Amino acid sequence: MIKSNIFIMRPTRQLKIITSHVEVLTDLQKQVDELLNYIKSVTQKAVLWIDEKENSLSFMEINQFLADETNACIQKCLKITSENQDLLHTTGKDDKSNSSLNHISVGSSLDGFGYQTLVAKLEEVDRNISFLKESSQKNEENCTNLSTLYESLNTVSKKHSRKLKNMKHKLEDQEKQSATFIKKQEADVNNNTLKFNEIWGELSYASEFLHRKTESFSAKISEMELKLINMTNTVDPLNQNFEDVSATITRSIMLIEPMIQENAQNNISFQQQISTINSKIQDMSSQLETLSVSADRSTAMTSIAFNARVKDETIELSLNKDHILTCFDGVMYNIGHCYNPETGIFTAPCDGFYLCSIMVDVNVEENLQFGIKRKAKSSGKEFLLATTHTKTKDSMVCDVGIVDMFKDDQLFVKPHRNHNKVRLSTYSHFMCILINKY
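These lines cover the structure that appears in this document, whether it is placed above or below. (Residues numbered from 1 in each chain as written. Predicted model: local features only at pLDDT ≥ 70, side-chain atom pairs only at ≥ 80, totals over all residues. Heavy atoms only, no water.)

1. Some thoughts on the overall build of the protein chain
Turning to step 1, where the next piece is worked out: Looking only at helices and strands, one finds five helices and 12 strands in the protein chain.
Turning to step 2, where the next piece is worked out: Across the 438 residues of the protein chain, 24% fall into the buried class.
Turning to step 3, where the next piece is worked out: Look at the contacts in the protein chain between residues 6 or more apart in sequence, and 77% of them connect residues 24 or more apart.
Turning to step 4, where the next piece is worked out: For the protein chain, the exposed surface amounts to about 30100 Å²; the carbon and sulfur share of it is 56%. (Helix = DSSP H or I, 4+ residues; strand = E, 2+ residues; numbered from the N terminus. Buried < 20%, exposed > 50% of the residue type's maximum accessible area, 1.4 Å probe, protein only. Contact = heavy atoms within 4.5 Å. Areas by Shrake-Rupley, 256 points an atom, 1.4 Å probe, with all protein chains shown as cover.)

This is how it looks when you write it as structure tokens:
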């Protein structure tokens, strides 16, 4: 009984060694906890960027940030490992020097609560290190995914840039072809005008020639009538002398016959000239008809365009989003007569590509939007082609669009919302031109 109640004290040397081990492990746990908390904060920041809840950093910046923080965490791990290895090495030397004295005591002391606590601490350290490795691997995978995503976005951006360049080149080619065709049409019109002026000059000359010949013929006839009158007046007083009268008549007839023959020849020549002029006039008429038909066909096939503006210097109107604007009533030109200024509607005369544009000059501070819309004849649906947006007073905005239209499709301008008392100036335009018929 007395022996069982005796409390055996641990040797001071053993207690000191075990206590140093516990302090090392406690300090190691604090360092690992701090490192894990830091890693969690870095990981949360990366997750926020992936979920698009954090947009202050770009991809390159977040990638560099994660790489730097991962490297720093690894350096801290290596530092913790190095420091604790030195402590273990120092403690190991002390253990070797006292192993023969304290083997039994240490073994008996590790059987208690201190040993279990030490094992738990070591297991927690292992778990923390494993979590740190998994977090590092996830960060590397995330960086790889982000890099792949950036390369994909860069590839898509390059493809779109190439497509935009190709569209720009095609548009420039279309503009060049349109300019060349317009110049050719102007040259043809000028040539036709010159030919018409030449034909008109010839017709004027022929008319003047006929007028001169007619006046000459009339003068000769008047002269002959005067001679006949004179001859009649001469015959009356000479009735008594028949022979003299007969001689006079004979001489008169002899004088008249050459004049009659000359007049007959002049009439034949005059008729021949008239026939020649008529044939020329018929040839010219046929050429004019051919040129007119050719010009009409060429104009009907290719020259379709209009440009309309606000006729008055300033117009005030109320806008209804369901109503077509009819304020573009000042028609500057309407080639093909496909635009109706009373309804504000352009009707496509044929299938093809059309270039349309709207320019709006607003004199009020309003949030206004206008759009060019196409109404398909087949379905009756409306499609938005181009739109303008203005918020400030005395501002001018413009938009241009290319549209594929079919015959009898309609083109017009509508506001996006309802507005009261909106003022537009005369610099507001609505225009369209056929650039390619198919």
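2. Quick word on a nonpolar patch on the surface
Turning to step 1, where the next piece is worked out: Together, Leu171, Phe353, Ile402, Phe406 and Tyr438 make up an exposed nonpolar region whose accessible area comes to about 470 Å².
Turning to step 2, where the next piece is worked out: Tracing the chain through its elements places Ile402 in strand E9 (residues 395-405).
Turning to step 3, where the next piece is worked out: Taking relative accessible area as the criterion, Ile402 reaches 46% and is therefore assigned partly exposed. (Patch = residues over 30% accessible without salt bridge, like charges linked within 9 Å, V, L, I, M, F, W, Y side chains within 5 Å. Salt bridge = Lys/Arg side-chain N within 4 Å of Asp/Glu carboxyl O.)

3. Let's talk about the nonpolar core
Turning to step 1, where the next piece is worked out: Counting 34 residues, the largest nonpolar core has Phe328, Phe346, Tyr354 and Phe370 as the members making the most contacts within it.
Turning to step 2, where the next piece is worked out: Counting residues per element, the ones that place at least two in this core are strand E1 (305-309), strand E2 (314-319), strand E6 (352-362), strand E7 (368-375), E9, strand E10 (410-415), strand E11 (419-425) and strand E12 (429-437).
Turning to step 3, where the next piece is worked out: Broken down by element, this core gets its largest block of residues, five residues, from E6.
Turning to step 4, where the next piece is worked out: Those residues in contact with Phe346 that sit more than four places away from it in its chain are Ile304, Phe306, Cys338, Tyr339, Tyr354, Asp409, Gln410, Leu411 and Cys432.
Turning to step 5, where the next piece is worked out: Ranked by size, the runner-up nonpolar core spans seven residues in total, among them Leu28, Leu35, Ile39 and Cys73. (Core = buried A, V, L, I, M, F, W, Y, C linked by side-chain atoms within 4.5 Å.)

4. Topic: a positive patch on the surface
Turning to step 1, where the next piece is worked out: On the surface, Lys158, Lys159, Arg162 and Lys163 cluster together to form a positively charged patch.
Turning to step 2, where the next piece is worked out: Assessed through its relative accessible area of 53%, Lys163 is described here as exposed. (Lys, Arg positive; Asp, Glu negative; His and termini not counted. Charge placed at Lys NZ, Arg CZ, Asp CG, Glu CD.)

5. Considering the packing of aromatic side chains
Turning to step 1, where the next piece is worked out: Applying the stated criterion across every chain, the model contains nine aromatic pairs.
Turning to step 2, where the next piece is worked out: Centre to centre, the rings of Phe306 and Phe346 are 5.2 Å apart; their planes meet at 25°, and the pair counts as stacked. A residue pair is termed long-range when its members are at least 10 positions apart, and Phe306 in strand E1 and Phe346 in strand E5 (residues 345-347) qualify at 40 residues. Across this residue pair, the class does not change: Phe306 and Phe346 are buried.
Turning to step 3, where the next piece is worked out: An aromatic cluster is defined as three or more aromatic residues linked by ring pairs; in this entry it consists of Phe306, Phe328, Tyr339, Phe346, Tyr354 and Phe430. (Phe/Tyr/Trp six-rings, centres within 6.5 Å; stacked < 30°, edge-to-face > 60°.)

6. Considering helix H1 (residues 12-50)
In an α-helix there are 3.6 residues to a turn, and that puts residues three or four apart on one side.
Turning to step 1, where the next piece is worked out: Between its first and last C-alpha atoms H1 spans 57 Å; for 39 residues at 1.5 Å apiece the expected length is 57 Å, and the two agree.
Turning to step 2, where the next piece is worked out: The positive-phi residue at the C-terminal boundary of H1 is Glu52, with phi of around 60°. (Expected span 1.5 Å × (residues − 1).)

7. Some points on the environment of Phe383
Turning to step 1, where the next piece is worked out: Along the chain, Phe383 falls in strand E8 (residues 382-390).
Turning to step 2, where the next piece is worked out: Note on Phe383: relative accessible area 36%, which makes it partly exposed.
Turning to step 3, where the next piece is worked out: Not counting residues up to four positions away in its chain, the partners in contact with Phe383 are Ile372, Lys373, Arg374 and Ala376.

8. Concerning the pattern of salt bridges
Turning to step 1, where the next piece is worked out: Evaluation of the coordinates by the stated rule reveals three salt bridges.
Turning to step 2, where the next piece is worked out: In this structure, the salt-bridge partner of Asp408 is Lys377, at a minimum N-O distance of 3.1 Å. With Asp408 in the loop between E9 and E10 and Lys377 in the loop between E7 and E8, this pair connects stretches of sequence that are 31 residues apart.
Turning to step 3, where the next piece is worked out: Overall, Asp408 belongs to the partly exposed group, its relative accessible area being 30%.
Turning to step 4, where the next piece is worked out: Taking relative accessible area as the criterion, Lys377 reaches 56% and is therefore assigned exposed.
Turning to step 5, where the next piece is worked out: In this structure, Lys414 engages Glu382 in a salt bridge whose closest nitrogen and oxygen atoms are separated by 3.1 Å. Pair noted here: Lys414 is in strand E10 and Glu382 is in strand E8, with a separation of 32 residues, a long-range link.

9. Quick notes on the sheet that holds E5
Hydrogen bonding along the main chain pairs the strands of a sheet, whether they run parallel or antiparallel.
Turning to step 1, where the next piece is worked out: If you trace the five strands from one edge of the open sheet to the other, you get E4-E5-E10-E7-E8, paired in antiparallel fashion. With one partner strand each, in any of the chains shown, strand E4 (339-340) and E8 form the two edges of the open sheet.
Turning to step 2, where the next piece is worked out: Pairing geometry for E7 and E8, over eight bridges, is antiparallel. Counted as the bridge partner of Leu368 is Thr390 from E8. (Pairing = 2+ DSSP bridges.)

10. As for unusual backbone geometry
Turning to step 1, where the next piece is worked out: For His337, which is not glycine, the phi dihedral falls at a positive 55°.
Turning to step 2, where the next piece is worked out: Of note, His337 is situated in the loop between strand E3 (330-335) and E4.
Turning to step 3, where the next piece is worked out: With relative accessibility at 70%, the residue His337 sits in the exposed group.
Turning to step 4, where the next piece is worked out: A positive phi angle is found at Asp408, which is not glycine, with a value near 70°.

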